[in-house]
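Residues per chain, in single letters:
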Amino acid sequence: MKYMYGTFVFVHVVSAVLSIGPLFLLMPTIKRLRNADPLTEKAYLTVINVIIRLVMHAGHLLVISGALLLLIGPWPWFTSWVIATLAILLLSGVFLSTGFTRVLRRYHLPDSNKAEILTILTRTSWIYIGLMLIMLWLMVQKPMLW
């Protein structure tokens, strides 16, 4: 049981890194996308989509490993930091599913303002990184909020 808990902690940490780290690749990609020709633009959009998919699937692994850690670990589910993490998790899940995909769908519309869409995409990325870092702080620090 001791080794299983350690394995789940390892999987949880790796999935947390994969949920946050690739988002930092979005910033230079978006910057290059602003001045890209149509052929290169398609390649950059593919990179952005791959990054978002990786973050999304790593988030799924993060949730599953976190749930397993709560089931077999010493922390009860009603602890304040767990509840706060779950609340931010739900918010970030909705934010990730709507914030990126809707914006990227608008990018391909003929009458879209691509510069504005890229600005929104950059802002969305930083907000999501902030949410993920708050969750990371809650999981590492485990503060008693109430």
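What you see is a predicted model, and the numbers here were worked out from it, not measured in a lab. (Residues numbered from 1 in each chain as written. Predicted model: local features only at pLDDT ≥ 70, side-chain atom pairs only at ≥ 80, totals over all residues. Heavy atoms only, no water.)

(A) Layout of the overall build of the chain. Scanning the chain from N- to C-terminus turns up six helices and zero strands. Beginning at the N terminus, the succession of helices and strands in the chain can be written as α-α-α-α-α-α. Seen along its three principal axes, the alpha-carbon backbone of the chain occupies a region of about 55 × 30 × 20 Å. Across the chain, every contact between residues at least 6 apart in sequence was considered, and the portion connecting residues at least 24 apart equals 79%. In the structure as shown, the chain presents an accessible area of about 9000 Å², 73% of it carried by carbon and sulfur atoms. Between the centroid of the 12 positive side chains of the chain and the centroid of its 4 negative side chains there is a distance of 16 Å. (Helix = DSSP H or I, 4+ residues; strand = E, 2+ residues; numbered from the N terminus. Contact = heavy atoms within 4.5 Å. Areas by Shrake-Rupley, 256 points an atom, 1.4 Å probe, with all protein chains shown as cover. Lys, Arg positive; Asp, Glu negative; His and termini not counted. Charge placed at Lys NZ, Arg CZ, Asp CG, Glu CD.)

(B) Spotlight on the packing of aromatic side chains. Applying the stated criterion across every chain yields a total of three aromatic pairs. The interplanar angle of 75° and the centroid separation of 6.0 Å between the aromatic rings of Phe24 and Trp126 together place this pair among those described as edge-to-face. Of this pair, Phe24 sits in helix H2 (residues 23-33) while Trp126 sits in helix H6 (residues 114-141), placing them 102 residues apart in sequence. The class for Phe24 is partly exposed, based on a relative accessible area of 38%. Under the relative-accessibility criterion, Trp126 is labelled partly exposed at 45%. (Phe/Tyr/Trp six-rings, centres within 6.5 Å; stacked < 30°, edge-to-face > 60°. Buried < 20%, exposed > 50% of the residue type's maximum accessible area, 1.4 Å probe, protein only.)

(C) Layout of the environment of Phe100. Secondary-structure assignment places Phe100 in the loop between helix H4 (80-99) and helix H5 (101-107). Separated by 75 residues in sequence, Phe100 and Leu25 place their C-alpha atoms 15 Å apart. Contacts of Phe100, omitting those with residues within four sequence positions, involve Leu23, Leu26, Ile52, Phe95, Leu121, Thr124, Ser125 and Tyr128.

(D) Spotlight on the layout of surface pockets. Volume-wise, the largest pocket comes out at about 540 Å³. Only helix H1 (2-20), helix H3 (38-72), H4 and H6 provide two or more residues apiece to the lining of the largest pocket. Across the lining of the largest pocket, the residue classes tally to 19 nonpolar, three polar and one charged. Taken together, 16 residues make up the lining of the second largest pocket; nearest its centre are Met56, Gly59, Gly93, Leu96 and Tyr128. For the lining of the second largest pocket, the per-class residue count stands at 10 nonpolar, six polar and no charged. (1 Å grid on protein atoms, 1.4 Å probe; cavity = no way out; pocket = protein on both sides within 12 Å on 5 of 7 lines; lining within 4 Å. Points joined across faces, edges and corners; volume = space filled by probe spheres on them. Nonpolar A, V, L, I, M, F, W, Y, C, P; charged D, E, K, R; others polar.)

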